[in-house]
Amino acid sequence: MPQGRHRILVPGNMNKHVLDRLPQHFELVPVSSDPALITPEIASGIGGIAVQGKLAPAFFDILPDLEIIANFGVGYDGVDVERAASRNVVVTNTPDVLTDEVADTTIALLLNTLRRLPAAEQWLRAGRWVSDGAFPLSPLTLRGRTVGLYGLGRIGLAIAKRLESFGVAIAYHTRTPREGLAYKHYPTLLSMAQAVDTIVVIVPGTDSTYRTVNAEVLQALGANGILVNMGRGTTVDEAALVDALQRGVIAGAGLDVFEAEPHVPDGLLALPNVSLLPHVGSASQATRNAMGDLVVDNLVAWFETGAALTPVPETPFKRQAG
Ligand code: NAP
Ligand code: 8YV
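Numbers given to residues run from 1 along each chain, matching the order in which its sequence is written. Key to labels: chains lettered from A, ligands numbered from 1, both in the order written. The predicted origin of the model limits local features to residues at a pLDDT of at least 70 and limits the giving and counting of side-chain atom pairs to 80 or more, whereas totals for whole chains, interfaces and linings rest on all residues. As a rule here, side-chain values come from all non-hydrogen atoms in the structure, and water together with hydrogens is ignored.

Enquirer: Please provide a residue-by-residue account of the side chain of Asn71, values included.
Expert: Starting at the N terminus, helices and strands are each numbered in turn, a helix being any DSSP run of H or I of at least four residues and a strand any DSSP run of E of at least two. Residue placement: Asn71 occurs in strand 4 (residues 68-71). Contacts described as polar in this section are N or O atom pairs within 3.5 Å, which, within protein, must combine one atom able to donate a hydrogen with one able to accept it, while residues neighboring in sequence count only if both atoms come from side chains. A distance of 3.0 Å separates a polar side-chain atom of Asn71 from the backbone oxygen of Gly73. Contacts were defined at the residue level, with two residues in contact if any of their heavy atoms lie within 4.5 Å. Aside from chain neighbours lying at most four places away, what touches Asn71 is Val51, Gly53, Tyr76, Val79, Thr92, Asn93, Thr94 and Val295.

Take a look at the structure:
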C-alpha cells in the first residue's frame with residue numbers, strides 16, 4: 001500500500017533491493033551524496049533518508065522536514081547520531097539479520113590469516129604446484145590458540161559460539177561483563193592483549209574505540225599474535241599495525257575493514273603476512289537482501305505506525321502526530 005507518498009531521499013549508492021522496494025511505498029528521490037547539489041525544491045517534504053555508508057552532516061541543515069534516517073548496516077558510524085538526536089530524527093540500523101553471516105566470514109578470515117589459504121590457492125592457479133611442488137607449510141595454526149574478542153555483542157557472541165566448536169580458549173573485553181558466560185572477561189583491552197595470542201575486533205566505530213588497537217596493545221599481543229578486524233577500520237591504528245607487522249612485533253593480521261575505505265594503506269598491501277578483504281563481512285545476496293528489507297520496513301513502520309522497528313539506542317523516538 002502506498003504510504004501517502006512520503007518522500008525518501010537516497011544520497012549516493014544504495015543496495016539494489018532497497019531501490020527496488022522503496023517505490024512500492026514512497027516517492028524515491030535518488031540524489032548525489034553531495035548535499036551542495038540539493039535545491040530547496042528537492043529538499044521540500046523529504047521525510048526520510050535511506051543511506052549506505054557516510055551521510056554528509058550538511059543534510060541535516062537542508063532538510064527541514066526530516067524525521068528518519070534508515071541506515072543500511074548494523075554499524076551506524078557514518079551517521080552523526082548526536083546531531084540526529086538533537087533534532088528528534090530517529091536513526092535505524094539493521095541488527096541481527098546479518099549476525100550469522102558476519103560471524104561466518106570472521107572465522108573464514110581468521111583461518112585464511114593463519115593458514116595462508118588465499119596464497120595457497122594463488123600458488124595452485126599460477127601453476128606452481130606443478131613447477132615448484134607443495135605449497136610451503138603455514139608457520140601459524142589455530143590449534144592451541146587463545147582468542148580474545150574485543151566486543152561481545154550480537155556478532156561477537158556468534159563468533160564465540162563458532163570458536164567453541166574449534167576447541168580454542170575464548171576470552172573477551174567489553175566495558176560491561178556479560179552474565180552467564182564461561183568466557184573470561186578482561187576489564188581493559190591491554191590486559192586481554194597480554195593474556196591472549198589472537199584478537200578479533202568486533203566493536204562499533206565510535207570515539208571510545210577510536211585507534212584503541214595501538215602500538216602498546218600490539219606489543220602486548222606478542223610475536224605469535226594475530227589481529228583480525230571485522231568491526232571498523234577506525235578502531236585500529238593502521239600505521240602502528242603496519243610497523244608491528246613489518247618488525248615482527250605480531251605475526252599477522254586479517255582485515256575486512258579499513259579507516260579510509262576503499263583505500264587500503266600501501267604498507268598493508270606490501271606485506272605477505274596479512275589477509276585482506278574488501279569489507280565483505282555481510283556480503284552475500286541473501287543477507288544483503290534481508291538488510292535491505294529491514295531498511296525499507298523501518299521506513300514503512302515509521303510512517304504507518306509511528307514507531308520504527310530497530311531504532312538505535314540514542315534515538316528511541318516515536319513519531320509526532322500530524
Ligand atoms: P553490538 O551488539 O552493539 O555489540 C557491540 C559490542 O561492542 C558490545 O559487546 C559492546 O559491549 C562492545 N563495545 C562497544 N564499545 C566498546 C568499548 N569502547 N570498549 C569495549 N567494548 C565496547 O553490535 P554488533 O551487532 O555485534 O556489531 C558490532 C559492529 O560490527 C558494528 O557496529 C559494525 O561496526 C561491525 N560490523 C562489521 C561488518 C563487516 O562487514 N565487516 C558487518 C556487520 C557489523 P559494551 O557496551 O559492554 O562495552
Ligand atoms: C555493510 C557493515 O556492508 O552492517 C555493517 O555495519 O559494515 C556491513 O554489513 C555496510 O554497512 C554496508 O555499507
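Enquirer: Any chance you could break down the site of ligand 1 for me, citing the residues and the numbers?
Expert: Residue proximity to a molecule or strand is established when one non-hydrogen atom of the residue lies within 4 Å of it. Taken together, 27 residues lie near ligand 1, and Arg154, Ile155, Arg175, Ser208 and Asp256 sit nearest. In this structure, Arg175 approaches ligand 1 through a main-chain N or O atom, which is 2.8 Å from an oxygen atom. Here a nitrogen atom of ligand 1 sits 2.8 Å away from a polar atom, N or O, in the side chain of Ser208. About the coverage of ligand 1: the protein hides 86% of its 920 Å² of free accessible area. Computed with the Shrake-Rupley method and a 1.4 Å probe, the accessible areas treat only the protein chains shown as cover for residues.

Enquirer: An account of the site of ligand 2 is needed here, citing residue identities and associated values.
Expert: Taken together, the residues surrounding ligand 2 are Gln52, Phe72, Gly73, Val74, Gly75, Leu98, Arg232, His279, Ser282, Arg288 and Met291. Contacts to ligand 2 include His279, whose side-chain N or O atom sits 2.7 Å from an oxygen atom. One nitrogen or oxygen atom from the side chain of Ser282 is found 2.7 Å from an oxygen atom belonging to ligand 2. Contact with the protein chains covers 85% of the free accessible surface of ligand 2, which is 330 Å². In this classification, the charged set is Asp, Glu, Lys and Arg, the nonpolar set is Ala, Val, Leu, Ile, Met, Phe, Trp, Tyr, Cys and Pro, and all remaining amino acids, among them Gly, are polar. Its residues assigned to classes, the shell around ligand 2 comprises 4 nonpolar, 5 polar and 2 charged.

Enquirer: An account of the sheet that holds strand 7 (residues 169-173) is requested, with residue identities and associated values reported.
Expert: For sheets, the rule is that strands pair by backbone hydrogen bonds, running either parallel or antiparallel. For two strands to be treated as a pair, DSSP must find at least two bridges joining them. The strand order across the open sheet built from 7 strands is 8-7-6-9-10-11-12, with neighbouring strands paired in parallel fashion. Both edges of this open sheet fall to strand 8 (184-186) and strand 12 (274-276), since each of them pairs with a single strand only. Neighbour-to-neighbour, the strand axes of the sheet open up by a mean angle of 20 degrees, direction not taken into account. One ladder, built from 4 bridges, connects strand 9 (residues 198-201) with strand 10 (residues 226-229); its direction is parallel. Counted as the bridge partner of Val200 is Val228 from strand 10. Fitting a line to C-alpha atoms yields each axis, with helices limited to the stretch in contact; the angle taken between N-to-C directions then spans 0 to 180 degrees. Contacting strand 9, strand 10, strand 11 (252-255) and strand 12, helix 5 (residues 99-115) runs over the sheet at an angle of about 145 degrees to strand 10. On the sheet, helix 8 (residues 154-164) packs against strand 6 (146-150), strand 7 and strand 9 and is oriented at approximately 170 degrees with respect to strand 6.

Enquirer: Hey, could you go over helix 13 (residues 285-305) for me, with residue numbers and the actual values?
Expert: Residues spaced three or four apart along an α-helix face the same direction, because each turn holds 3.6 residues. Multiply 1.5 Å by the residue count of a helix minus one, and that product is the helix's expected span. With 21 residues, helix 13 ought to run about 30 Å at 1.5 Å a step, and its terminal C-alpha atoms sit 29 Å apart, in line with that. Each residue is assigned to one of three classes by its accessible area relative to the maximum for its type, calculated with a 1.4 Å probe on protein chains only: buried under 20%, partly exposed between the two thresholds, exposed over 50%. Along helix 13, the residues classified as buried are Thr287, Met291, Gly292, Leu294, Val295, Val296, Asn298, Leu299, Val300, Ala301, Trp302 and Phe303. Those residues of helix 13 that are buried are in contact with strand 1 (7-11), helix 1 (16-21), strand 3 (46-51), strand 4, strand 5 (90-92) and helix 5. Where helix 13 ends, the next residue or the one after it, Gly306, has phi of about 85 degrees, a positive value.

Enquirer: Lay out the pairing of strand 3 in plain terms, naming residues and giving numbers.
Expert: Of all the 6 residues making up strand 3, 6 are buried; the element is thus mostly covered by neighbouring parts of the structure. Bridge count between strand 1 and strand 3: 3 bridges; the pairing is parallel. Bridge pairing links Leu9 to Ile49 in strand 3.

Enquirer: Report on the nonpolar core, specifying residues and quantitative values.
Expert: Judged by nonpolar contacts, the single largest core of 49 residues is most densely connected at Leu22, Ala50, Leu149, Ile159, Leu163 and Leu299. The dominant element in this core, judged by the number of residues it contributes, is helix 13, at 7 residues. Throughout this description, the term nonpolar core refers to a set of buried Ala, Val, Leu, Ile, Met, Phe, Trp, Tyr and Cys residues connected via side-chain atoms within 4.5 Å. Counting 29 residues, the second largest nonpolar core, distinct from the first, contains Val196, Ile199, Val203 and Ala240.

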